[in-house]
Each structure stands twice: as structure tokens, then as C-alpha cells.
Number of protein chains: 2
Amino acid sequence: MLKTKRSNSDSSEESFDLAIDASDRAILRVLLDDSRKTLQEISATVGLSPTTCWSRIRKLQEQGVIRRYTVDLDAAKLGYHDSVIVQVTLESHSDETLYRFGKALAEIPEIQECYLVSGDYDYYIRIAVRDTRDYERLLREKLYKIPGIRHSQSHFVLRVLKEASVPLA
Amino acid sequence: MLKTKRSNSDSSEESFDLAIDASDRAILRVLLDDSRKTLQEISATVGLSPTTCWSRIRKLQEQGVIRRYTVDLDAAKLGYHDSVIVQVTLESHSDETLYRFGKALAEIPEIQECYLVSGDYDYYIRIAVRDTRDYERLLREKLYKIPGIRHSQSHFVLRVLKEASVPLA
DNA sequence: AGTGAAAAGGCTTTAAC
DNA sequence: GTTAAAGCCTTTTCACT
């Protein structure tokens, strides 16, 4: 097994590259598309026996490659018809400010994604909103209530071309 | 059943608000966290019988609220240790340019998310990269190969505070 | 590592309340 | 919406290669 020391890693205790081969990736590709496929169906696609697929899947779970089984929901059908990307610049870039701000953000349920990025220590946020009025309310009542914002810029999402999923090249 | 006509919707043929109550949301919350929970477990959490949960889940699937069952993968464990947010401004804002550019973007597997946003008709993109060298290669060999880019700005993701999931407030 | 058969258990459906 | 029950199919284990 190839083990390569990695410098960074904020999502794993293991700092080694895992031995994931083409069959594993084939399995993951099937599960990404439909995690309720039966072992027989998976087996037919990847060309291994159901049992082998099962033990590989179990290993992938134990390694944490598969973090969880979940559902993909249609936000619009739940009333969240729009999405807004907000870029926030903070007044202070101290560790404490960054930490406090990040924690406050994570508690807002409408926030779908939130990244601290390099450059000017900005946050990139994507918010799900019911409509423009809801957007205005969210910003005013929730986002701007968090102290420490120097500046923010919003962009409405006009079209979603691709949504999150891990590449398996 | 309350039916309200909606103006926009690019993800659904149905342009009505669906009748989703607190129990449905409770079920969805369980499934988001673990879509392999048994009906008995779900039933215990939401306080309805397994059969009722089952028929509600089936309805949610038919309505398209549940788009698919999938897995949540750890990108870092698959070798994608970093994430970069790229903001792209196009030279032309014609329909054809926007369409062609968007289509070309969607074909790049490393692109995790891609949004066309209002304002200056920019694209917001998040790319999964193996490391900084991989990032440079991706930009040079894939992104910049697409014609029509006026300007682009990259921000490395330093910390992920929250990842995509639909709010169920 | 992969395979195949066999047991244990859950899903799905129907029917009655 | 609920309970009960039946058949079917999966997952999971285990012994073997």
C-alpha cells in the first residue's frame, strides 16, 4: 500500500493517501448516482461479485471515504426557489474574529455553503432563499446582525450549471 | 391542498408549492443525516408508524422532493485535498456565449459547482484540486482553453465551515 | 482478493380497522 | 393514520479458494 505523507488535511485524521483502485471508484460512481442500488446491481456494473462489492463498500465506509448515506433534495420544491452567493469581507482578520464569525454563520440554517478563502480573508457563502423578500430579510435579520462585517457583495444565482459532487477521474 | 402558481422554476415541471408538513420535514431531516435508516428507526424519530413514514417517503420521491439517494464522499480522502473558488467574467454576454461557456464548464469533472450569477454575468465556480500544481494545470489546460474569458479571479479555500444541504427550517 | 451458499432481517405491499 | 402479516429480496456472515 502506497503511503504518502500529506501536509494539510482538515477533514481526516489519517494523513495518508488511501489505496483506492478503479473498482472502488466504479462502486463509488454507482453509489453517487443511486445509493440504494442492490449489491447485485452494483456487482453487475463493476464486474465483481456482490460479496466483494460489499466488503469493498464496508472498507470505504470504515476509511471514511463514504462519509454518510444521504438524499439529494430539490430545494425549489421545498420552497427555496432562489440561491444567492454572498462575499463577505471582515473588518478584522484576527483569529478570534474569524472564529466567532464562522461559528455564527454555521448556525444559520439557510446557509448552504460557507468557505473561508485566501486573499483578503473573505467568506464565500451561498444562501438558499424563498424569494427576494426572504433574501432581504435574511441579510438584515441574520447576516448583518453578526458583528465585524466591513463589506458584503451579493450575486443572485440565475442558473445552476452544476452542483456539488466529488470528481472520480 | 394549497396550490400557488410560481413564476420561476428551473428544476421542476410542477410550478406549485407542495403540501409538506412538519412530519415530512422531520422525515427528510432523518434521511439527510442517514438515508439508510430503517423505517422503524425513522418511525421512532418522527412519531408516526413505519407504514405512514413509508407512504410519505414514497410521495416525496414521486413529487421529486427527494431527487435521489446518494453518498457523501470525503474529497480529501480521494486525493482532492484542496478547493478553489474561481470567479469568471466573460468577454461577451450574448446568449450563445453564455450557453457555450456553461456547457464547456459542466464537462470538466473537477468542477464541483458552477453558477451563472447576476451582476456582471459572471460564473462562480468551485473546483476540487489535488494540490496547487494540479490547480495550475487545471486552469491552464482546461479552464483557459475555453474561449471567451475576459478575466478570472481565484481564491483558495482555507477552511470549510459548511457544505451543501437543503435547509428545513 | 474474490467467490458462493445460507441465515437473518428489512422492505414493500395488501388488507382490515 | 394505524396495526398486522405475508412474500420477496438484501444484506451480512461464514467457509472455501
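Scroll up a little and you will see the structure.
Bear in mind that the values here come from a model prediction, so they are computed numbers and not experimental data.

Calculation notes
Residues numbered from 1 in each chain as written. Chains lettered and ligands numbered in written order. Predicted model: local features only at pLDDT ≥ 70, side-chain atom pairs only at ≥ 80, totals over all residues. Heavy atoms only, no water. Near = heavy atom within 4 Å. Polar contact = N/O pair within 3.5 Å; in protein donor to acceptor, adjacent residues only side chain to side chain. Pairing = 2+ DSSP bridges. Helix = DSSP H or I, 4+ residues; strand = E, 2+ residues; numbered from the N terminus. Axes fitted to C-alpha atoms, helices over the stretch in contact; angles between N-to-C directions. Contact = heavy atoms within 4.5 Å. Salt bridge = Lys/Arg side-chain N within 4 Å of Asp/Glu carboxyl O. Buried < 20%, exposed > 50% of the residue type's maximum accessible area, 1.4 Å probe, protein only. Buried area = accessible area lost by both parts, 1.4 Å probe. Expected span 1.5 Å × (residues − 1). Parallel < 35°, antiparallel > 145°, perpendicular 65-115°, else oblique. Nonpolar A, V, L, I, M, F, W, Y, C, P; charged D, E, K, R; others polar.

(A) Representation of the protein's contact with DNA strand C within the structure. As a structural note, the neighbourhood of DNA strand C is formed by L48, S49, T51, T52 and R56 of chain A together with K37, T38, L39, W54 and R58 of chain B. The separation between a phosphate oxygen of DNA strand C and a polar main-chain atom of S49 of chain A is 2.8 Å. Contacts to DNA strand C include T51 of chain A, whose side-chain N or O atom sits 3.1 Å from a base oxygen.

(B) Region of the structure containing the sheet that holds strand β5 (residues 149–162) of chain B. If you trace the eight strands once around the closed barrel, you get β2(A)-β4(A)-β3(A)-β5(B)-β2(B)-β4(B)-β3(B)-β5(A), paired in antiparallel fashion. Neighbour-to-neighbour, the strand axes of this sheet turn through a mean angle of 35 degrees, independent of strand direction. Judged from the four bridges that link them, strand β5 (residues 149–162) of chain A and strand β3 (residues 111–117) of chain B form a sheet pairing that is antiparallel. For R159 of chain A, the partnering residue across the bridge sits in β3 of chain B and is L116 of chain B. Against the sheet, helix α4 (residues 95–106) of chain B touches β5 of chain A together with β2 (82–90), β3, β4 (122–129) and β5 of chain B, its axis set at about 10 degrees to β4 of chain B.

(C) A look at the pattern of salt bridges. Residues and elements named next belong to chain A. Inspection of the entire model under this criterion finds 26 salt bridges over all chains. Salt-bridge contacts for E96 lead to R100; the nearest nitrogen and oxygen are separated by 3.1 Å. Residue E96 and its partner R100 are located together in helix α4 (residues 95–106), separated by four residues, close to a single helical turn. According to the relative accessible area criterion, R100 is partly exposed, its value standing at 48%. Between R137 and D134 there is a salt bridge; the shortest N-O distance is 2.7 Å.

(D) The environment of V166 of chain A, seen in detail. One can find V166 of chain A in the segment after β5. Separated by 24 residues in sequence, V166 of chain A and K142 of chain A have C-alpha atoms that sit 31 Å apart.

(E) Structural context of the interface of chain A and chain B. Counting from both sides, the interface comprises 72 residues of chain A and, opposite them, 73 residues of chain B. Of the roughly 7600 Å² buried where chain A meets chain B, counting both sides, 54% is carbon and sulfur surface. Close ionic contact of R67 of chain A with D72 of chain B constitutes a salt bridge, the shortest N to O distance being 3.4 Å. Counting the contacts that link chain A with chain B gives 45 residue pairs in polar contact (both at pLDDT 80 or more). Sorting the residues of the side of chain A that touches chain B by element identifies α1 (22–33), α3 (50–63), β1 (66–73), β2 (82–90), α4, β3 (111–117), β4 (122–129) and β5 of chain A as the ones contributing at least two each.

(F) Quick look at helix α1 (residues 22–33) of chain B. All names here are of chain B. The end-to-end C-alpha distance of α1 is 17 Å, a good match for the 16 Å that twelve residues give at a rise of 1.5 Å each. Among all positions in α1, only S23, D24, A26, I27, L28, V30, L31 and L32 are buried. The backbone nitrogen of S23 has a side-chain oxygen 3.0 Å away, supplied by the residue at the start of α1, namely D21.

(G) Fine view of the packing of α1 of chain B against helix α3 (residues 50–63) of chain B. All names here are of chain B. Where α1 contacts α3, the two axes come as close as 10 Å, and the packing angle between them is 85 degrees. For the element pair α1 / α3, the angle class is roughly perpendicular. Residues S23, D24, I27, L28 and L31 of α1 form the contact with α3, whose own contacting residues are C53, R56, I57 and L60. Of the residues assigned to the contact of α1 with α3, the class counts are six nonpolar, one polar and two charged.

(H) Broad picture of the protein's contact with DNA strand D. Close contacts around DNA strand D come from K37, T38, L39, T51 and W54 of chain A together with L48, S49, T51, T52 and R56 of chain B, and that covers them all. Put simply, 70% of the atoms of DNA strand D that lie within 4 Å of the protein are in sugar or phosphate. Those elements that place two or more of their residues in the surface near DNA strand D are α3 of chain A together with α3 of chain B. By residue number, the principal contributor to the surface near DNA strand D is α3 of chain B, which donates three residues. Of the residues belonging to the surface near DNA strand D, the class tally is three nonpolar, five polar and two charged.

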